[in-house]
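What follows is the residue order along each chain.
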Amino acid sequence: MGSAKKSSTGRQARIEEMRRAERARERRNRILAAVAAVVVVGGLVAGGVVLVRSQDDGGSSTAASDSSGKGKFVTGEDGVKKWEGKLARNHVTTAVKYASQPPVGGDHSQAWMNCNGDVYTKELNNTNAVHSLEHGAVWVTYNADAKKADVDALAAKVKKTPYTLMSPMDDQKDPIMLSAWGHQRTVTGADDPDVDAFFEKFVQGEQTPEPGAACTNGLSQ
């Protein structure tokens, strides 16, 4: 019991530290945005033609094929499936065909879904949700076979857990699934102890490609 409380306290401290870093990053971004606006206006006044291009974090702005196709899931003793293979991280502007549903990584949109305990009632665009996974979020998904009581209980848990999000996904194979960057598992319901174990390990866990990156100021559907 003492160990579990200590682990939970450590995770909360880690999340709070990430939140402080996120707030600092947002302040810097606002300053940079203001400077960029001045530069753009100056260019227009000079009579130049401004070519608007989509921002690309070193990735491609063209269509992406199955960027996570070169690999496979390997199931560990704890029941968590880990993707063995490279997961691309390019920003793209078109749909991506992922190797799994829900996806656990790969090329994705530049815009992330808000994942600060956000619960969505409609299906999400996978490319936006994958970006949230890149930021260290855990994504809870469910289909029509999930029990309403479980959906409600999981929604309550997500709402009080930073770096998580939840949404329906009709074409996933199991009623309730949990996904993080490169990792995924099925759970039997909201009271399955594997839910807490997955959250504890993967919310801003070691698998996170961009620890501390924003889970706010993204898309909210």
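Note that the coordinates shown come from a computational prediction; the quantities given were computed from them, not determined experimentally.

**Notes on the state of the cysteines**
Argument step 1. In total, this model carries one disulfide according to the counting rule given.
Argument step 2. Shown here is the disulfide that connects C115 with C215, its sulfur atoms set 1.6 Å apart. Taking the torsion about the S-S bond as the criterion, the C115 to C215 disulfide, at about -90°, is left-handed. Here C115 is found in the loop between strand 2 (81-85) and strand 3 (116-119), whereas its partner C215 is found in the segment after helix 4 (193-202), with 100 residues between them in sequence.
Argument step 3. Taking relative accessible area as the criterion, C115 reaches 0% and is therefore assigned buried.
Argument step 4. Residue classification places C215 among the buried residues on the basis of a relative accessible area of 1%.

**A few points about the sheet that holds strand 7 (residues 183-186)**
Argument step 1. Taken together, the seven strands give an open sheet; going across it, the order is 1-2-7-6-4-5-3, and neighbouring strands pair in mixed fashion. Each having just a single partner strand, strand 1 (71-75) and strand 3 make up the two edges of the open sheet. Ignoring which end each strand starts from, the neighbouring axes of this sheet average 20° apart.
Argument step 2. Note: strand 4 (residues 138-142) against strand 6 (residues 176-180), four bridges, orientation antiparallel. Residue V140 lies in a different strand from strand 6, and its bridge partner there is L178.
Argument step 3. Sheet strands touched by helix 4: strand 4, strand 5 (164-168), strand 6 and strand 7. Its angle to strand 6, the strand with the most contacts, is close to 15°.

**Side note on helix 2 (residues 126-134)**
Given 3.6 residues per turn, any residue in an α-helix points the same way as the ones three and four places further on.
Argument step 1. Within helix 2, nine of the nine residues are buried, which leaves it mostly tucked inside the rest of the structure.
Argument step 2. Check the buried side of helix 2 and you find it contacts strand 4, strand 5 and strand 6.

**So, the side chain of S100**
Argument step 1. Tracing the backbone shows S100 in the loop between strand 2 and strand 3.
Argument step 2. With a relative accessible area of 13%, S100 lands in the buried category.
Argument step 3. A distance of 2.9 Å separates a polar atom in the side chain of S100 from the backbone oxygen of P102.

**Considerations on the packing of aromatic side chains**
Argument step 1. Under the counting rule described, the total for this entry stands at two aromatic pairs.
Argument step 2. Between F73 and W83, the aromatic rings sit 5.0 Å apart at their centres with planes inclined by 85°, giving edge-to-face as the arrangement. Linking F73 in strand 1 with W83 in strand 2, this pair joins segments that are ten residues apart in sequence.
Argument step 3. The exposure class of F73 is partly exposed, given its relative accessible area of 22%.
Argument step 4. With relative accessibility at 9%, the residue W83 sits in the buried group.
Argument step 5. Plain terms: the ring middles of F198 and F202 are 4.5 Å apart, the flat faces sit at 50° to each other, and that makes the pair tilted. Here the residue F198 and the residue F202 both occupy positions in helix 4, the gap between them amounting to four residues, near one helical turn.
Argument step 6. Sitting over the face of the ring of F73, K81 holds its NZ or CZ atom 4.6 Å from the ring centroid.

**Re unusual backbone geometry**
Argument step 1. That bond from Q101 to P102 is cis: its omega, 5°, falls within 30 degrees of zero.
Argument step 2. Here Y163, not a glycine, exhibits a phi torsion of approximately 65°, which is positive.
Argument step 3. Tracing the sequence through the fold places Y163 in the loop between helix 3 (148-159) and strand 5.
Argument step 4. We classify Y163 as buried; its relative accessible area is 1%.
Argument step 5. We note that Q204 has phi near 55°; this positive angle belongs to a residue other than glycine.
Argument step 6. Looking at where Q204 falls in the secondary structure, it is placed in the segment after helix 4.

What counts as what
- All residue numbers refer to position in the chain's written sequence, counted from 1.
- Two thresholds apply to this predicted model, a pLDDT of at least 70 for residue-level local features and 80 or more for giving and counting side-chain atom pairs, whereas whole-chain, interface and lining totals are computed over all residues.
- As a rule here, side-chain values cover all heavy atoms of the structure and leave hydrogens and water aside.
- In plain terms, two cysteine sulfur atoms within 2.5 Å form what is called a disulfide here.
- Only runs of H or I of at least four residues qualify as helices and only runs of E of at least two qualify as strands under DSSP, and these elements are numbered from the N terminus.
- In this scheme, a residue with accessible area under 20% of its type's maximum is buried, one over 50% is exposed, and one in between is partly exposed, where area comes from a 1.4 Å probe on protein chains only.
- Two strands are counted as paired when DSSP detects at least two bridges linking them.
- Each axis is a line fitted through C-alpha atoms, taken for helices only over the stretch in contact, and angles between the N-to-C directions span 0 to 180 degrees.
- We call two residues in contact when some of their heavy atoms are within 4.5 Å.
- For the purposes of these results, a polar contact is taken to be a pair of N or O atoms within 3.5 Å, where, inside protein, one atom must be able to donate a hydrogen and its partner to accept one; residues adjacent in sequence count only when each atom of the pair is a side-chain atom.
- Between 30 and 60 degrees the pair is tilted, below 30 it is stacked and above 60 it is edge-to-face, where a pair is any two Phe, Tyr or Trp rings, Trp via its six-membered ring, whose centres lie within 6.5 Å.
- Criterion for a charge above a ring: Lys NZ or Arg CZ within 6 Å of the ring centre, and within 35 degrees of the ring normal.

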